[in-house]
Every structure is written in structure tokens, then in C-alpha cells.
Amino acid sequence: MLLVKLGGSVITEKTRLRTARSAPIRRLARELKSVGQPLLVVHGAGSYGHILASRHRLNEGDSSPGKRSAAARVQADVRNLDGLVVDALNRAGLAAVSIPPASVLVLDDGKVSTADLTAFLEFSSMGFTPVTFGDVVRDLRRGVSICSGDLMMLELARAFRPNRAVFAADVDGLFTADPKLRRSALLLESVGPKDLGQIEFSDRSRTDVTGSIEGKVRRMFEIADHVGECLIVNGNVKNRVRDALRGRRVVGTRVVRGP
Ligand code: IPE
């Protein structure tokens, strides 16, 4: 079993509300098909989720009518993006079925309270490709909150123990600083918890309701605990996701488990 996350910055224009990047979605769907092994696919929300979720502070509890409509709007938006991804995967021949987090999981103050992953297991055992994504879900304490695609990666990694988990990002991997802001930033070939100190994290959390880059990297350490290999690669480079999933050596960052 292989696990892959298509990052929101690869499949959408992250700063333009509800703007999908159709060509990369189609190309990545073909790449996933050509891997030829059972897959679990997760995708991010990008501009279908982060912009409105952060504008309406959907991660912060309270259930005013305004917030309720915004939550419903964002939930509908991420389903529209998911429709595009599932459609592309089906056209590529992967028999993709969508399993929305809001239907199978409940959070408690942002942490998983209950998750029933039976649908993933059963669809997968029949040869389907389960697809899930970052979503607006029920939260026992906050009413609703955001379940990121990364949190779904962790839940699926725990349950399925895949041979490999690959994160498709819009850069080559994890750098010593934000490569979009600092040209001297160096790509890290491998990163573990003890390397966090040498990374300069920029404040990109303004539109990112699911947390800072540092938080995302810490979640990847947890994921690395449950998979044979965990990699971050550039999803904008043709065939890199395919090759990484096949276990070829590619440019990227290997995430290693904690001590
Ligand atoms: C975000 O999911 C979900 C919502 C904002 C509804 P992710 O955090 O996994 O999405 P990306 O990959 O960063 O866009």
C-alpha cells in the first residue's frame, strides 16, 4: 500500500479563491495510475479551503449563524475541488471513490476523538482507490473545526502502515529557510526531529488555518513512525511523484522518525 498527499499549493492557485490547477491535477492523476500499486490518495484544500476558513476563523470554536454558513460554504467548496480530483483519477483509470473526513471522523479541540476508517479498508480491498481531503468536520468542543489532509495522512498511516508516504509540494522538499523568500536556502536531503533547530521557519501561517510549516513537519515525523519511508517531493516536476512512489531515488526530502 502507498499513501500520497497532493498538496493544496500544487492542485490549486493558493492565493486565488476557488481556483484549481487543472493541468497538474490531470498529470498527477496519470502519474498515480502509472505507479500500478494500491494507493490511498489525500489532497489538500488550497484556495478552496484556507482563504475562507481563515477569514471566518473556522478553527476557533463558537457557532454563530455567520460562522455556520461559512463552514457550510467551505465544506461545499472542498467537495467541489475533491470532485475535480476524483474525476481526473477516474479518467486516468483508478476507480477513485471519495470518502469525506466529515462523514467518518470527529475531532475534540482539533485532535481526533473518533475515526471509523472501515470505508477506506473495504473500498481498498475491492480494488478501488479511496480519496480523502482536508475538510470542515464536527468538533466536540469547538462545534466545527478543520481536519487537515495531513491529519488524514496520519490516521491512514496508522491504520494501513503503508510502505511509503509521499507529500507532493510546490517546492523540491524541505529547505533550511523558505526557498521562495531566501535564495540561499538549502534543500535538506533528510530531516528528523533533531534537525528542526537548523531550519528558519517563516510566518506563512496567515492564510494557513491548519498551522505553521513547523507544525506540518512535526506531523510528518509522526507519520514517518508508521510508514516504511516518508518523502516530500516537488509535485510540479513531471514524474517526480510517480518515481518517488515507485521507490526510485528522486530529488526531495526524506522525513525520518523521531529518536
Ligand atoms: C485544509 O487542508 C483544509 C481546509 C482548510 C478546509 P490542508 O491543510 O491539508 O490543505 P493544504 O494542502 O495546506 O492546502
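Residues numbered from 1 in each chain as written. Predicted model: local features only at pLDDT ≥ 70, side-chain atom pairs only at ≥ 80, totals over all residues. Heavy atoms only, no water.

Enquirer: Would you take a moment to explain the overall build of the protein for this structure?
Expert: Within the protein, the regular secondary structure consists of 9 helices and 12 strands. Over its C-alpha atoms the protein spans a radius of gyration of 17 Å, differing by no more than 12% from the 18 Å that the globule rule assigns to 259 residues. If one aligns the C-alpha atoms of the protein with their principal axes, the spans along those axes are about 50 × 45 × 35 Å. Taking the contacts inside the protein whose residues are at least 6 apart along the sequence as the reference set, 74% of them involve residues at least 24 apart. For the protein, the accessible area works out to roughly 11900 Å², and carbon and sulfur atoms hold 48% of it. Of note, the protein has its 40 positive side-chain charges centred 5 Å away from the centre of its 28 negative side-chain charges. (Helix = DSSP H or I, 4+ residues; strand = E, 2+ residues; numbered from the N terminus. Rg over C-alpha atoms; globule rule 2.2 N^0.38 Å. Contact = heavy atoms within 4.5 Å. Areas by Shrake-Rupley, 256 points an atom, 1.4 Å probe, with all protein chains shown as cover. Lys, Arg positive; Asp, Glu negative; His and termini not counted. Charge placed at Lys NZ, Arg CZ, Asp CG, Glu CD.)

Enquirer: Looking at this structure, how should I read the packing of helix α2 (residues 22-35) against helix α4 (residues 65-92)?
Expert: Each pair of packed helices gets described by two things: the angle between the helix axes and the distance between those axes. Interaxial distance between α2 and α4 falls to 8 Å at its minimum, and their mutual angle equals 45°. One way to sum up the angle between α2 and α4 is to call them oblique. Considering only the axes of α2 and α4, their crossing is right-handed. Along the contact surface, α2 presents I25, R26, A29, R30, L32 and K33, while α4 presents L84, V85, A88, L89 and A92. Across the contact of α2 with α4, the residue classes tally to 8 nonpolar, no polar and 3 charged. (Axes fitted to C-alpha atoms, helices over the stretch in contact; angles between N-to-C directions. Parallel < 35°, antiparallel > 145°, perpendicular 65-115°, else oblique. Left-handed = near helix turned anticlockwise from the far one by under 90°. Nonpolar A, V, L, I, M, F, W, Y, C, P; charged D, E, K, R; others polar.)

Enquirer: I would appreciate a short explanation of the site of the ligand in the present structure.
Expert: Near the ligand you find 18 residues, and of these K5, G8, G46, G149 and T210 are the closest. Here an oxygen atom of the ligand and a backbone polar atom of G8 are 2.9 Å apart. At a separation of 3.4 Å, an oxygen atom of the ligand approaches a polar side-chain atom of K14. If the ligand stood free it would expose 400 Å²; the protein chains cover 98% of that surface. Within the shell around the ligand, the residues separate by chemical class into 3 nonpolar, 10 polar and 5 charged. (Near = heavy atom within 4 Å. Polar contact = N/O pair within 3.5 Å; in protein donor to acceptor, adjacent residues only side chain to side chain.)

Enquirer: Where do I start with the nonpolar core in this structure?
Expert: A general feature of soluble globular proteins is that nonpolar side chains tend to end up buried together. By size, the foremost hydrophobic cluster in this structure holds 40 residues, and its most contacted members are L3, F120, L156, I223 and V255. Counting residues per element, the ones that place at least two in this core are β2 (39-43), α5 (101-104), β4 (105-108), α7 (149-160), β9 (164-169), α8 (213-224) and β11 (229-234). By residue number, the principal contributor to this core is α7, which donates 7 residues. Discounting residues that sit within four places of it in the chain, V255 has contacts with V191, M220, F221, A224, C230 and I232. Among the nonpolar cores identified, the runner-up in size contains 29 residues, and V4, L6, I11 and L89 belong to it. (Core = buried A, V, L, I, M, F, W, Y, C linked by side-chain atoms within 4.5 Å. Buried < 20%, exposed > 50% of the residue type's maximum accessible area, 1.4 Å probe, protein only.)

Enquirer: Can you help me understand unusual backbone geometry in this one?
Expert: It is generally the case that most residues other than glycine have a negative phi and that most peptide bonds are trans. One non-glycine residue, R57, lies in positive phi territory at about 45°. You will see that D109, though not glycine, has its phi angle at about 55°, which is positive. Here D109 shows up in the loop between β4 and β5 (111-115). Overall, D109 belongs to the partly exposed group, its relative accessible area being 34%.

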